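Topology and contacts: notes
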Amino acid sequence: MRIIRTVAEVRSEVHAARTAGGSIGLVPTMGAFHEGHLSLIREARAQNDLVVVSLFVNPTQFGPTEDLDAYPRDESRDAALAEQSGADILFAPAVDEIYPDGFATGIHVTGITEVLDGAARGAFHFDGVATVVTKLFGIVAPDVAYFGQKDAQQVMVIRRVVRDLDLPVRIVACPIVREPDGLAMSSRNIYLDPDARQQATTLNRALDAAAAVHLAGERDAAVIVAAAQRVLADAGIRPEYLELRSNDDLRPIEHVDGDALLAVAARVGAARLIDNHVLKHRHVLTHRPERES
Ligand code: PAF
């Protein structure tokens, strides 16, 4: 695996692979790898001839009071893990390689960015994500790009950018990877002290409780959300948001009649954590066809 720092070099590597007829997979990351990231790299490896992993802690998606400076960084550990997981190139540019002096362009998606994390963190967050990911697509020109479903809203935003700007890249969302006790893996889990680490398992338990109510046939969104809310409250967690929205476009729903995204964000100890479950719509068979004799 090669570590590359410049746009020009990564372009020339990708160009060589493409000229040889190879497909290009891109895994955009901010580093601090855990099994979730590695599952994306393995998936990219299984499906492509050249696998590029980008490692860039993108300053524009952090707010002034957020954890940009504290965000965990360990490039040599990440490089070793990326290589073991099948990456060919680790693209790890400096900030001014991505945002040179005079950089003045931004991608802003309306609507789906204005709820959940967009509302809780501010519009800058998804503007920063959409801009850097669009820029990475421009640099690497991947056939396929891989993202984690833990950031479900981010995946939707990126799909929207790709659709609206006709970018020739396929987006693959890979399943959330969880610790054995259900906590969704996140680079920010390292901020959790032992008590908070224990408390953090509540997020997934709350989502599970709501999913069980949905699976039992409940379709009233308020009732489903209340089941999760009770589990959070019992553990002393006040979510920043806990909402059930359409899994197509994040519109609010009162009655669940399609796939729905139940998303939660909460501060637990020193960490701000997010998690989600997609409640899959299953058609209930109300009429059984007569058996043929
Ligand atoms: O999910 C992340 O790690 C980041 O938001 C991404 C997609 C790499 C953009 O900086």
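This section reports on the structure supplied with the text.

Criteria and cut-off values
- Each chain has its residues counted from 1, running along the sequence as written.
- The model is predicted, so local features are restricted to residues of pLDDT at least 70 and side-chain atom pairs to those at 80 or more, both for listing and for counting; the totals for chains, interfaces and linings are taken over all residues.
- Just so you know, side-chain values use all the structure's heavy atoms and leave hydrogens and water out.
- A run of DSSP states H or I qualifies as a helix once it reaches four residues; a run of E qualifies as a strand once it reaches two. Both are numbered from the N-terminal end.
- Both definitions apply: the radius of gyration is a C-alpha atom measure, and the globule rule equals 2.2 Å times residues to the power 0.38.
- A simple rule labels every residue: compare its accessible area, found with a 1.4 Å probe on the protein chains alone, to the largest value its type can have, and call it buried under 20%, exposed over 50%, or partly exposed in between.
- Only heavy atoms matter for contacts: two residues are in contact if any of them lie within 4.5 Å across the pair.
- Strands pair, by our definition, only if DSSP identifies at least two bridges between them.
- All axes here are fitted lines through C-alpha atoms, helices being fitted over the stretch that makes contact, and every angle between N-to-C directions spans 0 to 180 degrees.
- To estimate the expected span of a helix, subtract one from its residue number and multiply by 1.5 Å.
- Angle categories: roughly parallel below 35 degrees, roughly antiparallel above 145, roughly perpendicular from 65 to 115, and oblique for all the rest.
- Definitions for this section: a left-handed crossing has its near helix turned counterclockwise from the far helix by less than a right angle. A right-handed crossing has that turn clockwise.
- Basically, the charged four are Asp, Glu, Lys and Arg, the nonpolar ten are Ala, Val, Leu, Ile, Met, Phe, Trp, Tyr, Cys and Pro, and anything else, Gly included, counts as polar.

Considerations on the overall build of the protein
From N to C terminus, the protein includes nine helices and nine strands. Computed over the C-alpha atoms, the radius of gyration of the protein is 20 Å, within 12% of the 19 Å expected from 2.2 N^0.38 for a compact globule of 293 residues. Counting only C-alpha atoms, the protein reaches 60 × 60 × 35 Å along its principal axes. Buried positions account for 51% of the 293 residues belonging to the protein. A sequence separation of at least 24 residues applies to 72% of the contacts in the protein between residues at least 6 apart.

A look at the sheet that holds strand β9 (residues 271-279)
Taken in spatial order, the three strands make up an open sheet running β7-β8-β9, and their pairing is antiparallel. Only two strands of the sheet have a single neighbouring strand rather than two, namely β7 (241-246) and β9. Averaged over all neighbouring strand pairs, the angle between strand axes comes to 15°, with direction disregarded. Direction of pairing for strand β8 (residues 260-268) relative to β9: antiparallel, over a ladder of nine bridges. The residue of β9 that forms the bridge with R267 is R272.

A few points about helix α6 (residues 123-140)
The terminal C-alpha atoms of α6 lie 26 Å apart, and with 18 residues this matches the ideal 26 Å at 1.5 Å per residue to within 8%. Within α6, 13 of the 18 residues are buried, which leaves it mostly tucked inside the rest of the structure. Downstream of α6 by one or two residues, A141 has phi in the positive range, about 50°.

A word on the environment of H15
Topologically, H15 is positioned in helix α1 (residues 7-19). Between the alpha carbons of H15 and K280 there is a distance of 40 Å; along the sequence they are 265 residues apart.

Points about the packing of helix α8 (residues 194-215) against helix α9 (residues 221-234)
In contact at an axis separation of 8 Å, α8 and α9 are set at 150° when each is read in the N-to-C sense. With respect to each other, α8 and α9 are oriented roughly antiparallel. Once α8 is placed against α9, the crossing between them reads as right-handed. Of the residues in α9, those in contact with T202, L203, R205, A206, A209, A210, V213 and H214 of α8 are V223, I224, A227, A228, V231 and L232. Of the residues in the contact of α8 with α9, the class split is 11 nonpolar, two polar and one charged.

What to know about unusual backbone geometry
Positive phi values are uncommon outside glycine, yet L116 reaches one of about 45°. Mapped onto the fold, L116 is located in helix α5 (residues 116-121). Look at L250: it is not a glycine, yet its phi comes out positive at around 65°. With respect to the helices and strands, the residue L250 is situated in the loop between β7 and β8.

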